[in-house]
Amino acid sequence: MTFETPHISVQNLNLYYGANHALKNINIDIPNKKVTSFIGPSGCGKTTLLKTFNRLHDSSLEVRVEGKVLLDGENIYDKNAEVTSIRKKMGLLSQRPFPLPMSIYDNIAYGPRIHGERDRHKLDEIVERHLKDVALWPEVKDRLKSPASRLSIGQQQRLCLARGLAVNPEIILGDEPTSALDPKSTQKIEELFIELKEKYTIVLVTHILRQARRVSDYVAYIYNGEIIEFAPTEELLLNPKQKLTQEYVKGFVS
Amino acid sequence: MNIRLIKDKLAGSTMLILTLASVLLAILVGWGLYYKSLPLLEENSVWDLLSSSVWKPSKGEFGFFAFIMGTLWVTGIAIVIALPLCLLCAIFISEYAHPRLRKIVVPVVDLLSGIPPVVFGVWGVLFVVPLIEDYIAPVFVDYPMGYSVLAGGIVLGVMIFPLIISLLLEVFSAVPKEMRDASLSMGATQWQTVKFVLLRKSKPGIIVSVVLAVSRAFGETIAVLMVCGSVIMVPGSVFDPGYPLPALIANNYGEMLSAPEYESALLFAAFLLFVIIFLFNAISRIVLGRIKRKIE
Amino acid sequence: MVFATVIIVGSFFLIVGTIVSKGFPALSWEMLSEIPSGDFYMGGEGGILNSILGSLYIAAGSSLLALIISVPIVIYINMYLKKSSWMGNLTRLGYDVLFGMPSIVYGAFGFTLMIYLGMRASLLGGIVTVTLLIIPIMVRTMDEVIRTVPKELFDASYSLGATRLETSRVVLKQVAPGILTAVLLAFGRGIGDVASVMFTAGFSNDIPKSLEDPASTLPLAVFNQLSSPVEEVQSRAYAAALVLTIIVLLISISARVLSKRLSKNKI
Ligand SMILES: Nc1ncnc2c1ncn2[C@@H]1O[C@H](COP(=O)(O)OP(=O)(O)OP(=O)(O)O)[C@@H](O)[C@H]1O
Ligand SMILES: [Mg+2]
């Protein structure tokens, strides 16, 4: 499947963990302002692929990346590419929330601060706006100065989302962001994603086919480091063309 | 380029220089000691220095044999005392002890490692030396002396307890639990499992631990110096006094500035310690790193 | 096995017990609060305040200096170098070896260096030598703590567009209690070591007033007084050893408590 102006375009991407060939000749276009989900069995390379989008493999010695990832047409693996500004364009939500070791307020203000925002009033405003974006404001507005680690896991995950939004990204990367959460918090995050796709391109890794169906526009099925099938959500989940995909979604009843 | 990136790079290069400089320091220490012992080495062959036991600084005769033997005796005794005890203790802690008991034993061992050498020395003078002089030595020799290589060995042995135990615990924890379970489920007793699985699997690690303990024992100065008598002689039995290399440096360095040859000899002793300990540590750390990596 | 464990645990209590029983009777307020008088080493009046302060100065100064040097090194090998790069491994190996070096080697080297530079034995000389001695302790301890930080925390900061330098601030904040533990351990080692300071710090009956003044240290006071033939002076050595033991035990216990706190709060 191709799109006219894909937000991210992966071309002939191969990734090796030492001798382990973890991603095999990946080609995929991520559409602009849509939710794209990656599904697949454990260990198939979903996380690995997601991390190639903001070059989080850079700090590992044993990882070798070949091929291109174009962000708005520019290869982020180019020698002259500037990694911090690439990462700024993408917010990341990991499997478990990892609040920074500081207060709720500082967690949100951290990004804007490192990117040069010093004005207290502006920072106050940014913090408030993004906490409202993730529907956390009413719950925490009276304890902005308390450590973020005291929040519940569900609240922490929303805080991490707000933290990512505060640097004005264009893309949100979510690596099974609800896997550590209770049903209620999961539902909240899903609702947020549906709301946020108005403004952001969202890439979501998930184990839960229902979740993929609820929130995403497109789904890619990954198996053993390869993209087997990439199609609009309903099509892939209900009428998969590839045999491997059929086997995986077999148990899925609409 | 962005000022943040420049800062990042600049900080990086500064830290790189600092890191390199600090590692170079290790080389500088070795080189400095070597350079200072050159005058001695030019006059004498290394073999003569190590094998002669004539020590007459005023006549310019420097034989290190007595000191080397003193070091070896004290270290040997320390290891003979510490190794079996620590091995048993570490097996107990890692395989048998109730977690609650472990939580008491391990911190005490840690605290033991924090006690300063000079306090060990005082304890040696107050407790070990009289013990040997009044109770142990009289059984074996006619003119019992408390200040002996045995006293040094005992004090040193106690000093290296914590090091050996923590190394052994690390080595034991590297043996996967499944291996023990497999042995136990075949009907082996706990002790058989320890003997045939744990100890066999961790043999290289145990050897490395001993090497590291030996190198620690070699260099320990003050505590040993306080109890082993400091008589220049090749010890003939555990009840003889001895004079280890580090004690030689500690007792005489600082007072010999007028005699360049003497200084050179003492720094040769320090260089000797440096080389031995450098080699022992480097090799055993590399082996230990291999063992650890294998498990990951 | 139980017997071996009892001996090892018992040896700790035996040592502390011996020091307490011999040292406590000789301990007095005068010992802690006064400097030695002229005939102190013959049994005269005075105390060991000079040595207590000398030790504290040296341990504090060198801990601070070593901290300033070690933090960037640890940051560099953990944040700037890739995981298990050869340079990182070599540096770690280097520090393992330096960690194993006995203090007498540092002492001998430090003194040689001081003669070369034309320095007298002084507080500064002691501080520099002890700094060399404790840098490996700090680097190793902090390195271990930083390696327990989950990779995702690094990633969280990086994915906001932070540089390595900015991220290291976050990491340092996360491991602050661990760093404090490292400093305390190093401080404890610094305050108790003799062989490194016996030539480099010199000896003095006065409290050092500047970095160039020679300074006495507590372990050295123990050592020197113990070799005195006068019985009263000897028992003072025991008291000084008791003071030293108390200080060191307090430090190691608080280091332990702190590191426990750390592991409790970890995410
Ligand atoms: N740091 C690493 N070093 C070596 N191999 C790795 C590393 N991380 C992942 N792998 C391997 O790469 C493959 C893909 O892993 P990845 O984490 O991307 O899977 P995943 O699809 O995200 O699985 P899950 O659903 O369990 O999160 C796996 O075989 C894994 O063992
Ligand atoms: Mg994953």
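As shown above, the structure is provided for reference.
About the thresholds
- Residues numbered from 1 in each chain as written.
- Chains lettered and ligands numbered in written order.
- Predicted model: local features only at pLDDT ≥ 70, side-chain atom pairs only at ≥ 80, totals over all residues.
- Heavy atoms only, no water.
- Phe/Tyr/Trp six-rings, centres within 6.5 Å; stacked < 30°, edge-to-face > 60°.
- Helix = DSSP H or I, 4+ residues; strand = E, 2+ residues; numbered from the N terminus.
- Buried < 20%, exposed > 50% of the residue type's maximum accessible area, 1.4 Å probe, protein only.
- Lys NZ or Arg CZ within 6 Å of the ring centre and 35° of its normal.
- Near = heavy atom within 4 Å.
- Polar contact = N/O pair within 3.5 Å; in protein donor to acceptor, adjacent residues only side chain to side chain.
- Areas by Shrake-Rupley, 256 points an atom, 1.4 Å probe, with all protein chains shown as cover.
- Contact = heavy atoms within 4.5 Å.
- Buried area = accessible area lost by both parts, 1.4 Å probe.
- Salt bridge = Lys/Arg side-chain N within 4 Å of Asp/Glu carboxyl O.
- Nonpolar A, V, L, I, M, F, W, Y, C, P; charged D, E, K, R; others polar.
- Pairing = 2+ DSSP bridges.
- Axes fitted to C-alpha atoms, helices over the stretch in contact; angles between N-to-C directions.

The next point concerns the packing of aromatic side chains. Scanning the model with the defined rule gives 23 aromatic pairs over all chains in all. When the centroid spacing of 5.7 Å and the interplanar angle of 10 degrees are considered together, the rings of Trp123 of chain B and Phe127 of chain B count as stacked. Placement of both Trp123 of chain B and Phe127 of chain B in helix 5 (residues 117-140) is noted, with a separation of four residues, approximately one turn of the helix. By relative accessible area, Phe127 of chain B is classed as partly exposed at 29%. Aromatic rings pair up to connect Trp55, Phe62, Phe64, Phe67, Tyr243, Tyr262 and Phe268 of chain B into one cluster. Lying across the ring of Tyr105 of chain A, Lys145 of chain A places its NZ or CZ 4.0 Å from the centre.

Let us look at the environment of Val140 of chain A. Residue and element names in this part refer to chain A. Structurally, the position occupied by Val140 is in helix 5 (residues 137-140). Residue classification places Val140 among the buried residues on the basis of a relative accessible area of 0%. Remark: the alpha-carbon pair of Val140 and Leu23, spanning 117 residues in sequence, is separated by 41 Å.

Glancing now at the site of ligand 1. All names here are of chain A. Ligand 1 sits among Tyr17, Asn20, Ala22, Ser42, Gly43, Cys44, Gly45, Lys46, Thr47, Thr48, Glu176 and His207. Ser42 places a polar side-chain atom, nitrogen or oxygen, 2.4 Å from an oxygen atom of ligand 1. Relative to its unbound accessible area of 630 Å², ligand 1 is 63% covered by the protein chains. Only strand 2 (20-30) and helix 1 (46-53) provide two or more residues apiece to the shell around ligand 1.

Let's shift gears to the interface of chain C and chain B. Taken together, the contact between chain C and chain B spans 67 residues of the former and 73 residues of the latter. For the pair chain C and chain B, the summed buried surface comes to about 6,200 Å²; carbon and sulfur atoms form 83% of the total. With a closest N to O distance of 2.8 Å, Arg4 of chain B and Glu166 of chain C form a salt bridge. Across the chain C-chain B interface, the total number found is seven residue pairs in polar contact (both at pLDDT 80 or more). For the side of chain C that touches chain B, the secondary structure elements donating two or more residues are helix 1 (2-23), helix 3 (49-80), helix 4 (86-100), helix 5 (103-117), helix 6 (123-147), helix 8 (164-174), helix 10 (218-226) and helix 11 (231-265) of chain C. Here the side of chain C that touches chain B gets 15 residues from one element, more than from any other, and that element is helix 1 of chain C. By residue class, the composition of the side of chain C that touches chain B is 50 nonpolar, eleven polar and six charged.

Residue and element names in this part refer to chain A. Taking strand neighbours across the sheet as the criterion, the six strands line up as 6-7-8-3-9-10 in an open arrangement whose pairing is mixed. In this open sheet, the two strands that pair with only one neighbour each are strand 6 (90-93) and strand 10 (226-232). Ignoring which end each strand starts from, the neighbouring axes of this sheet average 15 degrees apart. Together, strand 6 and strand 7 (171-175) form the strand contacts of helix 6 (residues 153-165), whose direction differs from that of strand 6 by roughly 170 degrees.

Residues and elements named next belong to chain A. Tracing the backbone through its elements, the reader meets Glu234 in helix 9 (residues 233-238). Accessibility expressed as a relative area gives 39% for Glu234, which makes it partly exposed. Between the C-alpha atoms of Glu234 and Ala148, which are 86 residues apart in sequence, the distance is 38 Å. The contacts of Glu234, once residues within four sequence positions are left out, are Arg213 and Asn239.

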